[in-house]
Amino acid sequence: MPDPFGEDADTGKLYMCGIIGYTGHKNSLPVLIEGLRTLEYRGYDSAGVAVCTADGVIETVKSKGRIDLLQEKLDSLEKKVEGSCGIGHTRWATHGAPSDTNSHPHTAPSLALVHNGIIENYAEIEEMLVREGYTFYSETDTEAAAKLIDYYYKKVNDPVLAMFEAADVIRGSYAFGVMFCDFPGKIFAMRKDNPLIVASNDECGIIASDIPAILKHTNSYYQLEEGIVSVLCGSAIEFFDRTGKKADQKRLTVDWNVEQAQKGGFPHFMIKEIHEEPEAIRQTVSTRLGEDGLPLFGVHELDGDKLGKFKSIHIVACGTAMHAGLVGKAIIEKLARVSVDVDVASEFRYRDPILDPDDLVILLSQSGETADTLAALRHAKANGVCTLSIVNVIGSSVAREADCVLYTWAGPEISVASTKAYSVQCAMLYLFAIQLARVKGRLDDDEARELCRRLCEDMPAQVEKALELSRDVESIARNYLAVENLFFIGRGLDSALCPEASLKLKEISYIHSEAYAAGELKHGTISLIIEGTPVVALMTQERLCEKMISGIREVKSRGATVLAVTTKEIAEKYNIPADNTVILDNVDADFAAFPLATVIQLFAYHVAAQRGCDVDKPRNLAKSVTVE
Ligand code: AGP
């Protein structure tokens, strides 16, 4: 079993979709559906299958929604889809909202194709193919890839060569599974940047995005290399390079069960998703930067000078998303000097908020389906206020109903406790703050470009460094397994993270905790501090350290045990009277939210995991609260 926290753990490219392919002696359909179910953690907004019959007829069935809906559609068919070679796909939408048409597989006259990844130049490919007489039906980038391979197949009359020719034109990332009508029983696979594995046993050949889908058939596989096309026919697997020469590949084995494989070797989805934060931040920010390295939202209200007209901003959300709004408030007011208030969505519409036509309401939501947030959005629109949603699920209700939407790119978040979604919401709010500050004339382009660079490059690196503290945090967490109450305190930006630190600990470890502005404790709550009361002091803001140290002294004089989370620079400069300290790498005070968030998430995770709690599915909680 690989070390779940070491380099063996699989936290590569963020999972966007699930691919499965089968060629063998059985009817492929049940194998495809079963394989897709093991891959639903990678994306689940729509699914589809294509089966090639022995006489080279490809039949495709696809459906918006979960795999059960696809199964129902298949069951309802009068003429059952049957064939011993097929491909399947479960989707996490990136281009084109979830719909039957946008679901994979996508087809062309000679083939069917499933894809995981992003074709960056799909629009120009489509334009060329339209000129060549092709017709497009979907909003996806994938359809362009399918028709491009078909275009070359017609030219070179060789499926392997056609895939290489198309790959030379495509810019972006891909994992393709392809069936050609002229080659019944065969599956063709190739990849760039996205994972794709090929495997076989003495009965069949399998392609899959990830290990869980093959474990029913075998525990040995090939990690398909880039620049190679693999051809599977029954148990036979061949690898070809660009020159058409046969290539060898190293066969790997794994001793994971399906559940372990779905978590990439980590014990829980939550810790796996915390480890995905660097890539999630990188993808979320980079997709919103123009060639000039400045924010490019692609929405007139946010790119043009209309953004400058907003005089006041209301950030409205629930739970962890609302806590990201607290961080957003701090950075927007710091950089753009525009006033921001943060509202709990379930209260927003009932407090008859004062909304001005020059206001902007920003809705934050990972799922995009939270009923309270959707209701707040509708209230804002009913009052004629411009609405911007920052959402992680393409085509979700909060995304569709807002005037503008900025998607985050965290990939599916499976654990009920939100972690990487929080980090990317903060990242998108930082980017928004930079753009607003530019439009307000408070940042020139060079200053804005540098901040964008730090957000896109330095912050993922900072989070990587914070992840290296996981084992230290794990051993410190052992001191907190039996506590019943705990306080998180901080000042400035740190106080904006205390509520999230508190919620994370409460919701997965069931330990009661409170978040307090450190300066506020002495106004009452300090009466609760007795011998042994645990206090976690977040102190990344150097200019407020002396005040924090006096706050730590205050609680310690009443018996508290204090864990400080600070930076190397502060730890070296100040004598922090804490009982334990977690030391982050040095980070600019304004950007400290990112590594600090990772550490507070790790703390909550390790306390809960060591308490034996159901970390991914805490009692009483749902991943998306679609009731008011
Ligand atoms: C996250 O840890 C919580 N489980 C919960 O507070 C969540 O953030 C809240 O329900 C909002 O969900 P959303 O982001 O999908 O709208």
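Above this text you will find the structure in question.
One structure accompanies this document, and this report is about it. The structure presented is a predicted model; accordingly, all values stated were derived computationally and were not measured.

### Notes on the overall build of the protein chain
Part 1 of the reasoning: On a plain count of helices and strands, the protein chain comes out with 20 helices and 24 strands.
Part 2 of the reasoning: Against the 2.2 N^0.38 benchmark of 25 Å for 628 residues, the protein chain shows a C-alpha radius of gyration of 26 Å, consistent with a compact globule.
Part 3 of the reasoning: Once the C-alpha set of the protein chain is aligned to its principal axes, its extents read approximately 80 × 55 × 45 Å.
Part 4 of the reasoning: A total of 628 residues make up the protein chain; the buried ones form 61% of that total.
Part 5 of the reasoning: Counting only carbon and sulfur atoms, one obtains 48% of the accessible surface of the protein chain, whose full area is about 23600 Å².

### Examining the sheet that holds strand S15 (residues 312–317)
Part 1 of the reasoning: Here we have five strands laid out as an open sheet, ordered S16-S15-S17-S18-S19, and parallel in their pairing. This sheet does not close on itself; its edge strands, each paired only once, are strand S16 (339–344) and strand S19 (404–407). Between one strand and the next, the sheet's axes are offset by a mean angle of 20°, whatever the strand orientation.
Part 2 of the reasoning: Across five bridges, S15 lies against strand S17 (residues 359–365) in parallel orientation. By the bridge assignment, Ile 313 is partnered in S17 with Leu 360.
Part 3 of the reasoning: Sitting on the sheet, helix H10 (residues 319–336) is in contact with S15, S16 and S17, with an inclination near 170° to S16.
Part 4 of the reasoning: Strands S15, S17 and strand S18 (386–391) of the sheet are contacted by helix H12 (residues 371–382), whose axis makes an angle of about 165° with S17.

### As for the sheet that holds strand S2 (residues 46–52)
Part 1 of the reasoning: Ordered in space as S3-S2-S4-S1-S10-S9-S11-S14, the eight strands form an open sheet in which the pairing is antiparallel. Whereas interior strands pair on both sides, the edge strands pair on one side only; in this sheet they are strand S3 (58–64) and strand S14 (251–253). Taking the axes of each pair of neighbouring strands and ignoring which way they run, one obtains an average angle of 20° across the sheet.
Part 2 of the reasoning: Relative to strand S4 (residues 85–91), strand S1 (residues 18–23) is paired through six bridges, and the arrangement is antiparallel. Across the sheet, the residue bridging to Ile 19 is His 89, located in S4.
Part 3 of the reasoning: Contacts from helix H1 (residues 28–38) reach S1, S2, S4 and strand S10 (205–208) within the one sheet, and its direction differs from that of S2 by about 155°.

### Notes on the environment of Pro 618
Part 1 of the reasoning: With respect to the element layout, Pro 618 can be found in the segment after helix H20 (593–610).
Part 2 of the reasoning: Taking relative accessible area as the criterion, Pro 618 reaches 3% and is therefore assigned buried.
Part 3 of the reasoning: For the pair Pro 618 and Ser 509, spaced 109 residues apart in the sequence, the C-alpha separation amounts to 8.3 Å.
Part 4 of the reasoning: Discounting chain neighbours no more than four positions away, the residues touching Pro 618 are Val 416, Glu 507, Ile 508 and Tyr 510.

### Examining the packing of aromatic side chains
Part 1 of the reasoning: Per the stated rule, a full pass over the model turns up 12 aromatic pairs.
Part 2 of the reasoning: Where Tyr 41 meets Phe 269, the ring centres are 6.0 Å apart and the plane angle is 40°; that geometry is what we call tilted. With Tyr 41 in the loop between H1 and S2 and Phe 269 in helix H7 (residues 269–275), this pair connects stretches of sequence that are 228 residues apart.
Part 3 of the reasoning: Judged by its relative accessible area of 7%, Tyr 41 is buried.
Part 4 of the reasoning: With centroids separated by 5.1 Å and ring planes inclined at 50°, the aromatic side chains of Tyr 153 and Phe 180 adopt a geometry described as tilted. With Tyr 153 in helix H4 (residues 142–156) and Phe 180 in strand S7 (residues 172–180), this pair connects stretches of sequence that are 27 residues apart.
Part 5 of the reasoning: Given the relative accessible area of 0%, Phe 180 is considered buried.
Part 6 of the reasoning: Here a set of aromatic residues connected by ring pairs shows up, and it is made of Tyr 153, Phe 180, Phe 183 and Phe 188.
Part 7 of the reasoning: It is Arg 66 that lies over the ring of Tyr 44; its NZ or CZ is 4.5 Å from the centre.
Part 8 of the reasoning: Lying across the ring of Phe 136, Lys 147 places its NZ or CZ 5.3 Å from the centre.

### Considerations on the side chain of Asp 150
Part 1 of the reasoning: With respect to the element layout, Asp 150 can be found in helix H4.
Part 2 of the reasoning: Take Asp 150: its relative accessible area is 0%, and that puts it in the buried class.
Part 3 of the reasoning: Of the polar contacts made by the side chain of Asp 150, one reaches the side chain of Lys 154; its length is 2.6 Å.

### Section: unusual backbone geometry
Part 1 of the reasoning: That bond from His 104 to Pro 105 is cis: its omega, 5°, falls within 30 degrees of zero.
Part 2 of the reasoning: Structurally, Pro 105 is set in the loop between S4 and strand S5 (106–108).
Part 3 of the reasoning: The backbone phi angle of Arg 337 is positive, close to 55°, even though this residue is not glycine.
Part 4 of the reasoning: Within the secondary structure layout, Arg 337 lies in the loop between H10 and S16.
Part 5 of the reasoning: By relative accessible area, Arg 337 is classed as exposed at 57%.
Part 6 of the reasoning: Positioned with a positive phi, Asp 352 is a non-glycine residue whose angle comes to about 45°.

### Examining the site of the ligand
Part 1 of the reasoning: Taken together, 13 residues form the shell around the ligand, and within it Ser 365, Gln 366, Ser 367, Thr 370 and Glu 507 come nearest.
Part 2 of the reasoning: At 2.7 Å from an oxygen atom of the ligand is found a side-chain nitrogen or oxygen belonging to Ser 367.
Part 3 of the reasoning: In this structure, an oxygen atom belonging to the ligand sits 2.6 Å away from a side-chain N or O atom of Glu 507.
Part 4 of the reasoning: Expressed as a share of its isolated accessible area of 410 Å², the protein-covered part of the ligand is 91%.
Part 5 of the reasoning: Secondary structure elements with two or more residues in the shell around the ligand: H10 and helix H17 (493–509).
Part 6 of the reasoning: Per element, the largest residue contribution to the shell around the ligand is three residues, and it comes from H10.
Part 7 of the reasoning: Its residues placed into classes, the shell around the ligand shows four nonpolar, seven polar and two charged.

Here is what the cut-offs are and how they apply
- Residues numbered from 1 in each chain as written.
- Predicted model: local features only at pLDDT ≥ 70, side-chain atom pairs only at ≥ 80, totals over all residues.
- Heavy atoms only, no water.
- Helix = DSSP H or I, 4+ residues; strand = E, 2+ residues; numbered from the N terminus.
- Rg over C-alpha atoms; globule rule 2.2 N^0.38 Å.
- Buried < 20%, exposed > 50% of the residue type's maximum accessible area, 1.4 Å probe, protein only.
- Areas by Shrake-Rupley, 256 points an atom, 1.4 Å probe, with all protein chains shown as cover.
- Pairing = 2+ DSSP bridges.
- Axes fitted to C-alpha atoms, helices over the stretch in contact; angles between N-to-C directions.
- Contact = heavy atoms within 4.5 Å.
- Phe/Tyr/Trp six-rings, centres within 6.5 Å; stacked < 30°, edge-to-face > 60°.
- Lys NZ or Arg CZ within 6 Å of the ring centre and 35° of its normal.
- Polar contact = N/O pair within 3.5 Å; in protein donor to acceptor, adjacent residues only side chain to side chain.
- Near = heavy atom within 4 Å.
- Nonpolar A, V, L, I, M, F, W, Y, C, P; charged D, E, K, R; others polar.

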